[in-house]
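Fold and contact review
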Amino acid sequence: MNWEDKDYVLRLIKEFGRFLRALRDAADDQARQLLLDIQCRTACGIGLRAVDGMDDEALRALMTDEACLSLAMLLSARAEVLAKSDDERSQWQGRALRLMLAFQDEGMVCRELAETADGLMRGAFDRLTAKELYECACFFRTGGRIDLMDNAVFFLWETLPDRAAWLDRLAGLYEGLSDETLEACGMSRADRDESLSRLHDEIGGCFR
């Protein structure tokens, strides 16, 4: 699968948007659940009950990349439309996000789904490990959304018991960013330098 094929990625997202509207318009939760299960079997080759019984690693091993991304979006829709509680919603958001993070090196996917991934990250924040938050930051960087990367870095920073051990890895995310990349998401070189200074200052280091 050529994930740099913009037309393909955009078509996949557009089709999901149409499905989400149909899901919202369904008569009741039973109808929504049926629609989700049918779409899951069609796009992913597996029903929702089977999905619930497998862990994320097993799902990724079982499915093609296309099916994996489709399932991430379907679980995101499930969280939005069918969750009965905040806990259930964050659980499904976490699963959707973990599947999506498998595409953190695919520029077009990261660019087009950055806002979706950001919403999932915020919803599932309390369930995410430091490694997963770091992968969120990498996802946003790959997609050129340095503003969202910056948020993810400091969400992670606030959770770390040993910040010094992570400093070089997090600071490295800010290296090599062009002015054009920064400007495209409303940031400047000064904003980037301020973020780096915050990381260093909070552990008593210095940034030059």
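An account of the accompanying structure is given in this report. (Residues numbered from 1 in each chain as written. Predicted model: local features only at pLDDT ≥ 70, side-chain atom pairs only at ≥ 80, totals over all residues. Heavy atoms only, no water.)

Quick notes on the overall build of the protein chain
Tallying secondary structure elements over the protein chain gives 13 helices and 0 strands in all. Across the protein chain, helices and strands are ordered from the amino to the carboxyl terminus as α-α-α-α-α-α-α-α-α-α-α-α-α. Against the globule reference of 17 Å for 208 residues, the protein chain gives a C-alpha radius of gyration of 18 Å, in line with a compact fold. For the protein chain, the spread of C-alpha atoms along the principal axes amounts to about 55 × 35 × 30 Å. (Helix = DSSP H or I, 4+ residues; strand = E, 2+ residues; numbered from the N terminus. Rg over C-alpha atoms; globule rule 2.2 N^0.38 Å.)

A word on the pattern of salt bridges
Applying the stated criterion across every chain, the model contains 18 salt bridges. A salt bridge links Arg78 to Asp52; the shortest N-O distance between them is 2.9 Å. Of the two residues, Arg78 is situated in helix H5 (residues 65-82) and Asp52 in helix H3 (residues 48-52); the sequence distance between them amounts to 26 residues. Owing to a relative accessible area of 4%, Arg78 belongs among the buried residues under this scheme. Across the salt bridge formed by Glu158 and Arg163, the nearest N and O atoms sit 3.8 Å from each other. A cluster of three or more residues bridged by salt bridges with shared partners is formed by Asp29, Arg32 and Lys84. (Salt bridge = Lys/Arg side-chain N within 4 Å of Asp/Glu carboxyl O. Buried < 20%, exposed > 50% of the residue type's maximum accessible area, 1.4 Å probe, protein only.)

Digging into the packing of aromatic side chains
When we look at a pair of aromatic rings, we describe it by the centre distance and by the angle of the planes. Counted by the stated rule, this structure contains 3 aromatic pairs. Ring geometry for Tyr134 and Trp166: centres 5.9 Å apart, planes at 65°, overall edge-to-face. With Tyr134 in helix H9 (residues 130-142) and Trp166 in helix H11 (residues 163-172), this residue pair connects regions lying 32 residues apart in the sequence. For the pair Tyr134 and Trp166, one class covers both residues: buried. Positioned above the aromatic ring of Trp92, the side-chain terminus of Arg78 is 4.2 Å from the ring centre. The aromatic ring of Tyr134 is capped on one face by Arg169, whose charged end is 5.4 Å from the ring centroid. (Phe/Tyr/Trp six-rings, centres within 6.5 Å; stacked < 30°, edge-to-face > 60°. Lys NZ or Arg CZ within 6 Å of the ring centre and 35° of its normal.)

Things to note about the nonpolar core
Residues Leu69, Leu71, Phe140, Val153, Leu170 and Leu173 are the most contacted members of the largest nonpolar core, which totals 74 residues. Of the residues forming this core, the biggest block, 12 residues, is contributed by H5. For Leu69, the contacting residues outside a window of four places in its chain are Trp3, Leu12, Met100, Phe103, Val109 and Leu113. (Core = buried A, V, L, I, M, F, W, Y, C linked by side-chain atoms within 4.5 Å. Contact = heavy atoms within 4.5 Å.)

Considerations on the environment of Leu167
Here Leu167 shows up in helix H11. Relative accessible area serves as the criterion here: at 9%, Leu167 is assigned to the buried category.

Observations regarding H5
The terminal C-alpha atoms of H5 lie 25 Å apart, and with 18 residues this matches the ideal 26 Å at 1.5 Å per residue to within 8%. Within H5, 15 of the 18 residues are buried, which leaves it mostly tucked inside the rest of the structure. (Expected span 1.5 Å × (residues − 1).)

Observations concerning the environment of Ala67
As for its position among the elements, Ala67 is in helix H5. The class for Ala67 is buried, based on a relative accessible area of 6%. Counting along the chain gives 25 residues from Ala67 to Thr42, while the straight-line C-alpha distance between them is 9.4 Å. Non-local contacts of Ala67, meaning those with residues more than four positions away in its chain, are made with Ala43 and Cys44.

Section: the packing of H5 against helix H6 (residues 86-100)
Interaxial distance between H5 and H6 falls to 8 Å at its minimum, and their mutual angle equals 165°. Classified by the interaxial angle, the pair formed by H5 and H6 is roughly antiparallel. Regarding H5 and H6, the two cross each other, and that crossing is left-handed. Between H5, through Cys68, Leu69, Leu71, Ala72, Leu75, Ser76, Arg78, Ala79 and Leu82, and H6, the contact on the second element is made entirely by Glu88, Arg89, Trp92, Gln93, Arg95, Ala96, Leu99 and Met100. Here the contact of H5 with H6 is composed, by residue class, of 11 nonpolar, 2 polar and 4 charged. (Axes fitted to C-alpha atoms, helices over the stretch in contact; angles between N-to-C directions. Parallel < 35°, antiparallel > 145°, perpendicular 65-115°, else oblique. Left-handed = near helix turned anticlockwise from the far one by under 90°. Nonpolar A, V, L, I, M, F, W, Y, C, P; charged D, E, K, R; others polar.)

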